[in-house]
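What follows is each chain in one-letter form.
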Amino acid sequence: MKNKLLLCILVLAFSSPVFAFEGGGLIETEIGFDISKLPNNSTYNTLKNRNKASLWLKQNMDKEGRYNFYAQTSYFFKANQVLVPKEKSVFFHIADVDLLKFSFFIPIENKSSLNIEMGRSSFSDITKIVSAQNYDGIFIRYKNPKFSGFWSFGYTGLLNSLTTFIETESRVKQNKVYSLASGYLSLVSFFGIPLGKYRNSLNIEYLGFFEPKASGNLKTYFTVSADGIIVPRLLFITSVTGSLIRKNEKLKGGVLINADLSYYFSSYGAKISLHTQWASGGKYGFESFTRTNVSRQFSSPYKNVWNTGAKASLKPVSGLYLEALTNVLFNGEKSSEPFYRGIEWMTTLNYTILNDISLGFSLGQYIPNSAKVLTHIELKGIMTF
Amino acid sequence: MDKKIFVLPLFLFCAAFLTAQSAQKIDEILQSPVLTNGQACYLAGTAAGIFEDINSYSEALDSFKHLKGFKDADAGTSVRLDAFSHLILKASGIKGDLWYRAANNPYYAFRFLKMIGIIEQNAVPSSSISPRDALIIFTKLTGDKNEK
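All chains use their own residue numbering, which begins from 1 and follows the written sequence. Chains carry letters and ligands carry numbers; both start at the beginning, A for chains and 1 for ligands, and go up in the order they are written. Where local features are concerned, this predicted model is filtered to residues with pLDDT of at least 70; where side-chain atom pairs are given and counted, the filter is 80 or more; whole-chain, interface and lining totals use all residues. The side-chain quantities take in all heavy atoms of the structure and omit both hydrogens and water.

1. Looking at the overall build of chain B
Part 1: The way it works is that DSSP assigns letters per residue, a run of H or I at least four long becomes a helix, a run of E at least two long becomes a strand, and they are numbered from the N terminus. When you go through chain B residue by residue, the secondary structure sums to eight helices and zero strands.
Part 2: Taken from the N to the C terminus, the helices and strands of chain B come in the order α-α-α-α-α-α-α-α.
Part 3: Three exposure classes are used, based on accessible area relative to the maximum for each residue type with a 1.4 Å probe and protein chains only: buried under 20%, partly exposed in between, and exposed over 50%. A buried classification covers 51% of the 148 residues belonging to chain B.
Part 4: Residue pairs in contact within chain B that sit at least 24 positions apart in sequence constitute 57% of those at least 6 positions apart.
Part 5: Accessible surface, chain B as shown: approximately 7,300 Å² in total, 53% of it carbon and sulfur. A contact between two residues is defined here by any heavy atoms of the two lying within 4.5 Å. Shrake-Rupley sampling with a 1.4 Å probe provides the accessible areas, and residues are treated as covered by the protein chains on show and by no other component.

This is the structure in structure tokens:
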């Protein structure tokens, strides 16, 4: 029965000439230099080159464009080279299926809609810290003017662990093209309501991840968040997440607090924002499900960390984007030594030419409490077709 | 509500481009359930000031026969959304993105208009288009051009 249903969908999707096929792709290249000054005044310099080629297709299954099939596949070539002291280069070839899903959008009366997706799709939680990755499964979104909901049931065991970074105890680096990720069953439930004059939103979200084996790990997260407009142009996002993680038969609770206040200026697309994130440490340590980082420049998981910073961005002319940020990092638990971890700054310049080519340059430094200073330089080029 | 949404782009379109045109012709186009190749060329050509007072849709189509998507088109059949995208980019003199400039075809015209938000994300290139939606797209596009 399932096979017949699948066959019907495939025939419907690909056989009818009235339905349209769309396709395209993306080529991305990135070169990063990390220059580290070590406490003994020696230097440790690395060069990282990351290249990505993606192809995507979209096949609609109805004239209105409400029922669609999506697929996207990518190939990565990565090269890591330690320049000082000179070491042998390491190369990685990675293949991935980023997207493979059927999507059904069903408008319902009274401005309500239902969207059902089946297959591989990405999902980020409210905080974009706990989960920011792909899942294989079913994703259901319901929207109406009074509330919105999202429910998902998925599995992570078929994903590529070389592109999807699940926070696990053992992070074995395997030099393979495709390496299966840790198998977790995932369950997501989201409920949001609009509130007040500016239709701000109040949301609650539950995320559960279970390893389907005896004494398997269990990770559950419960988030309450509010976001919206305080006064015109001044926006806020705030959330509190409680986590309960059972790992190696030990149960541990944790807390993540996230807040962001942004002001949008009327000219040049200018924006200035203040943000803070606190992830508890020690006995009640927080741990995200996806390996997400505080900094874009260096490895900095949301574990026992308190980050506070400011960011400013500007679009002075069409296609040009400028950004500057600074973050001050402390340990999440005051008793952890040293409490002050360090400060980072970063500037970014992006220029988009004729909508299809984007060039980026970023320069930044992380000055930790110890004497070691990390300077990060990155050049990036993206072309879509 | 639908009528209210429709009146504004129609008003802008008419006020901007069609002062010399017969209201009867426009009314005739608006009565159609879908926009035909001939009607699309008539609206685009008139708005662009390429021709004036052409009374036949087939004459209007002849003016755009050199464009991909219109070479073998019939004036009475419905226009595809990608061909319409190509037509209005040419008529409005908008050069488009890198790939539209290189390929100069309906597919990349459609892709460009989708990318800049003129056409809805779930739109289908082979779909037909209503005269009302055609005017909304044209008004958005010319509005964007004037803003720049």
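On we go.
2. Regarding the side chain of K58 of chain A
Part 1: As for its placement among the helices and strands, K58 of chain A is situated in strand β2 (residues 43-60).
Part 2: Given a relative accessible area of 7%, K58 of chain A falls into the buried group.
Part 3: In terms of polar contacts, K58 of chain A uses its side chain to reach the backbone carbonyl oxygen of Q121 of chain B, at 3.3 Å. Identification of polar contacts relies on pairs of N or O atoms within 3.5 Å, with a donor-acceptor requirement for protein atoms, meaning one able to donate a hydrogen and the other able to accept it, and with residues adjacent in sequence counted only if both atoms are side-chain atoms.

3. As for the interface of chain B and chain A
Part 1: If you look at the interface, chain B gives 20 residues, while chain A gives 18 residues.
Part 2: Each partner contributes to the roughly 1,400 Å² buried at the junction of chain B and chain A, and carbon and sulfur atoms together form 53% of this total.
Part 3: Any carboxyl oxygen of Asp or Glu that lies within 4 Å of a side-chain nitrogen of Lys or Arg is treated as forming a salt bridge with it. Linking chain B to chain A there are two salt bridges.
Part 4: With its nearest N and O atoms 3.0 Å apart, the salt bridge here joins E22 of chain A to K114 of chain B.
Part 5: Inspection of the region where chain B meets chain A yields nine residue pairs in polar contact (both at pLDDT 80 or more).
Part 6: Those elements that provide at least two residues to the side of chain B that touches chain A are α6 (98-103) and α7 (106-115) of chain B.
Part 7: A per-element tally of the side of chain B that touches chain A places α7 of chain B first, with seven residues.
Part 8: Note on residue classes: Ala, Val, Leu, Ile, Met, Phe, Trp, Tyr, Cys and Pro are nonpolar, Asp, Glu, Lys and Arg are charged, and everything else, Gly too, is polar. Here the side of chain B that touches chain A is composed, by residue class, of 11 nonpolar, five polar and four charged. In this description, buried area is defined as the sum, over both parts, of the accessible area (probe of 1.4 Å) that is lost when the two are combined.

4. A closer look at the pairing of strand β14 (residues 305-314) of chain A
Residue and element names in this part refer to chain A.
Part 1: For strand β13 (residues 271-279) and β14, the ladder comprises nine bridges, and the chain directions are antiparallel. Note that in β14 the partner of H275 across the bridge is G309.
Part 2: Paired strands, in this sense, are two strands between which DSSP finds at least two bridges. Where β14 meets strand β15 (residues 320-331), 10 bridges bridge the pair, whose relative direction is antiparallel. Residue pairing across strands places A310 opposite T326, the latter belonging to β15.
Part 3: The loop that links β14 with its antiparallel partner β15 comprises five residues; one of these, G319, has a positive phi angle of about 90°.

5. Regarding the environment of G269 of chain A
All names here are of chain A.
Part 1: Within the secondary structure, G269 sits in the loop between β12 (250-264) and β13.
Part 2: What makes G269 partly exposed here is its relative accessible area of 44%.
Part 3: Excluding residues within four positions of it along the chain, G269 makes contact with S313, L314 and K315.

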